[in-house]
Amino acid sequence: MDEAVYIRLLQQQDEGAFRQLVDTWQDRIYNTALGIVQQEADADDITQEVLVKAWRALPKFRGDAKLSTWLYRITVRQSLSSLRQRQRRNGWQWLTDFFTGERPEVAIDFVHPGVALERKQEAAVLFKAISRLPEQQRLAYTLMRIEGLPMQEIGEILELQVGAVESLLQRAKQNLKKQLLDHYNTHRYEQ
Amino acid sequence: MNNELNKKVDAALESLDGLQRASASPHTYTRVYAKIRDEQGPWGITSRWLARPVIALAICLLLIGINAWIIIEARNAAIAAKAEQAEEVAVTYHIDGLNSTDNNFLLP
C-alpha cells in the first residue's frame, strides 16, 4: 500500500490500517519500552497505552515527522512517565512497608529476553549500569543498542542534533565503563 | 589483573551484540482494541469529557458556587427568622416603639 494512502487511512481511523500498524509496530514499541523501563509487565502496559494514544491522536497526525519517529517519541514519553510513576511509588514504599511490617521487595536483575544465553550474566550487569545512567544518555544508548536505531533517527526522536546524540553516546559509554569497572572490582572474588 | 577487569568490562559491553528484538504479547491487538471500544462507548466518552481540564475546573467552580449560595441562603433565612421572631415578641409585649433612650430610663 502506498505510504500516503496508508497514512490517510490511519488518519481516518480505519480499523484495517490500524491493525496493520499494530502488527508492524507492537514489537518495536515493546522492545523500546522494555529497554527503557527494564520490566516486562510495565513494557506490556506501555505498548498498549502507546497504541491507544496513537489511535486517539492519528486524526491529528500532520505528517511533520515520520510515522516511525512519531511512534517512537510517544513510546519514549510513555516509558519515562512510567519510570517516574515507579520512582514515586518506590519513594513512598518504605512508609507503607514500615506500617504494614512488610519487607521491601528485592530488586530482580533484568535481562532482556533477546540476549544470547551465554551472555546473560554480563548483560544483567550491563543493564543495571544502564539503569543508573542520566536520563538522556540512557535513552540514546537504549535506542541505539537495544532498538538498533541510527544516530539520525535517535536525534529526531529526542529532538537533538546528531552531534549531540554522538556526544550523549560517548558519555554513556564512558559512564558505563566506569560503573562496570567499579562493579567487577567490588565483586572480584565472586564466581 | 587490570587486563582481566578490562576484558570483563568489554564482555559486558558486548553482551548486547546480536540482540534479538523482544516480542510483545500476542494479545496486544485484542487488548488495545478492547480499550478503544470502551473509550468509544457512552461511559468512555462521558468520563473522557469530564476528565478534560476545562470541564473539570468548570464543574469544581460550579460546585463551589452552589455551596456558597446554599450557605448564604441559609444564613439569610436564619437572620430573617430571627427578625420575625423578634418582631413577634415586640408585638406581643408592645415594645416595638422603644428606642435606646426609652430603654435607658433607669439611668440618672
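Note that the coordinates shown come from a computational prediction; the quantities given were computed from them, not determined experimentally.

Here we take up the overall build of chain B. A tally of helices and strands in chain B yields five helices and zero strands. A burial count over chain B gives 18% of its 108 residues as buried. For chain B, the exposed surface amounts to about 8,700 Å²; the carbon and sulfur share of it is 63%.

A separate point is the nonpolar core. Residues and elements named next belong to chain A. Among the nonpolar cores identified, the biggest contains 67 residues, and Phe18, Leu21 and Leu180 are the most heavily contacted of them. For this core, the element with the most residues is helix 2 (residues 15-37), which contributes eleven residues. Not counting chain neighbours up to four residues away, the residues in contact with Leu21 comprise Tyr6, Leu10, Gln26, Leu51, Leu67 and Leu71.

Facing the 31 residues of chain B at the interface are 41 residues of chain A. Surface buried jointly by chain B and chain A totals about 3,400 Å² across both partners, of which 63% is contributed by carbon and sulfur atoms. Looking at the side of chain B facing chain A, the largest losses of area belong to Leu16(B), Arg21(B) and Tyr29(B), adding up to 20% of the total buried there. Our count for the contact surface shared by chain B and chain A stands at six salt bridges. Of the charged contacts in the structure, one is a salt bridge between Lys35(B) and Glu49(A), with a shortest N-O distance of 4.0 Å. Here chain B is connected to chain A by twelve residue pairs in polar contact (both at pLDDT 80 or more). Every element with two or more residues in the side of chain B that touches chain A is listed here: helix 1 (2-13) and helix 2 (28-40) of chain B. It is helix 2 of chain B that provides the largest number of residues to the side of chain B that touches chain A, a total of ten residues.

This model, assessed by the stated rule, comprises five aromatic pairs over all chains. Relative to Trp70(A), the ring of Phe61(A) has its centre 4.8 Å away and its plane inclined at 45°; by these criteria the two rings are tilted. Looking at Trp70(A), the relative accessible area reads 15%, which means it is buried. Summarising the aromatic geometry, the rings of Tyr29(B) and Tyr33(B) are spaced 5.6 Å apart at their centres and angled 25° between planes, so their arrangement reads as stacked. Of this pair, Tyr29(B) and Tyr33(B) both sit in helix 2, four residues apart, which is roughly one turn of the helix. The class of Tyr29(B) is buried, set by a relative accessible area of 11%. A relative accessible area of 25% means that Tyr33(B) is categorised as partly exposed. In this structure, Arg19(A) is placed above the aromatic ring of Tyr29(B), and the distance from its NZ or CZ to the ring centre is 4.1 Å. Its guanidinium or amino end placed over the ring of Trp25(A), Arg28(A) lies 4.4 Å from that ring's centre, counting from NZ or CZ.

The subject of this paragraph is the packing of helix 6 (residues 135-145) of chain A against helix 7 (residues 151-158) of chain A. Residue and element names in this part refer to chain A. Interaxial distance between helix 6 and helix 7 falls to 10 Å at its minimum, and their mutual angle equals 140°. Classed by the angle they form, the pair helix 6 and helix 7 counts as oblique. In terms of crossing hand, the pair formed by helix 6 and helix 7 is right-handed. For the pair formed by helix 6 and helix 7, the contact residues are Leu139, Ala140, Leu143 and Met144 on the first element and Met151, Ile154, Ile157 and Leu158 on the second.

What follows concerns the confidence of the model for chain B. In the predicted model, chain B carries a mean pLDDT of 86, and the fraction of residues at 70 or more is 87%. Within chain B, helix 4 (residues 53-92) of chain B carries the highest mean pLDDT (92), whereas helix 5 (residues 100-103) of chain B carries the lowest (55).

Residues and elements named next belong to chain B. On the surface, Trp49, Leu50, Ile59, Leu62, Leu63, Ile66, Trp69 and Ile70 cluster together to form a nonpolar patch covering roughly 820 Å² of accessible area. Among the secondary structure elements, those contributing two or more residues to the nonpolar patch are helix 3 (42-50) and helix 4. Sorting elements by how many residues they give to the nonpolar patch places helix 4 first, with six residues. Residue position: Leu50 is located in helix 3.

Definitions and limits used
- Per chain, residues are indexed from 1 in the order of the written sequence.
- Think of it this way: whatever chain is written first is A, whatever ligand is written first is 1, and the rest follow in order.
- Given that the model is predicted, a residue must reach a pLDDT of at least 70 before its local features are reported, and side-chain atom pairs must reach 80 or more before they are shown or counted; all residues, however, enter totals for whole chains, interfaces and linings.
- Based on all heavy atoms of the structure, the side-chain values leave hydrogens and waters out of the count.
- Helix and strand labels come from DSSP, where a helix needs a run of H or I of at least four residues and a strand needs a run of E of at least two; each type is numbered from the N terminus.
- Each residue gets one of three labels from its accessible area relative to the maximum for its type: buried under 20%, exposed over 50%, partly exposed in between, using a 1.4 Å probe on protein chains only.
- The accessible surface values rely on the Shrake-Rupley method and a 1.4 Å probe; as for residues, cover is taken only from the protein chains in view.
- The criterion is simple. A nonpolar core is a set of buried Ala, Val, Leu, Ile, Met, Phe, Trp, Tyr and Cys residues joined through side-chain atoms within 4.5 Å.
- We call two residues contacting when some pair of their heavy atoms lies within 4.5 Å.
- Buried area counts how much accessible surface, traced with a 1.4 Å probe, disappears from two parts once they are put together, with both parts' losses summed.
- Salt bridge, as used here: a side-chain nitrogen of Lys or Arg that lies within 4 Å of a carboxyl oxygen of Asp or Glu.
- N or O atoms closer than or at 3.5 Å make up a polar contact, with two conditions inside protein: a donor-capable atom paired with an acceptor-capable one, and, for residues adjacent in sequence, both atoms drawn from side chains.
- Each Phe, Tyr or Trp ring (for Trp, its six-membered ring) is paired with any other whose centre lies within 6.5 Å, and the angle between the two planes then decides the class: stacked below 30 degrees, edge-to-face above 60, tilted in between.
- In this scheme, Lys NZ or Arg CZ marks a charge over a ring once it lies within 6 Å of the ring centre and within 35 degrees of the ring normal.
- All axes are obtained by fitting lines to C-alpha atoms, using only the stretch in contact for helices, and the reported angles, taken between N-to-C directions, cover 0 to 180 degrees.
- Every angle not falling under 35 degrees, over 145, or within 65 to 115 is termed oblique; those three ranges are roughly parallel, roughly antiparallel and roughly perpendicular.
- By the definition used in this description, the sense in which the near helix is turned from the far one sets the handedness, with an anticlockwise turn below a right angle giving left-handed and a clockwise turn giving right-handed.
- Every residue is assigned a pLDDT by the predictor, reflecting its confidence on a scale from 0 to 100.
- Distance thresholds for patches are 9 Å for like charges and 5 Å for nonpolar side chains (Val, Leu, Ile, Met, Phe, Trp, Tyr), applied to residues having over 30% relative accessible area and no salt bridge.

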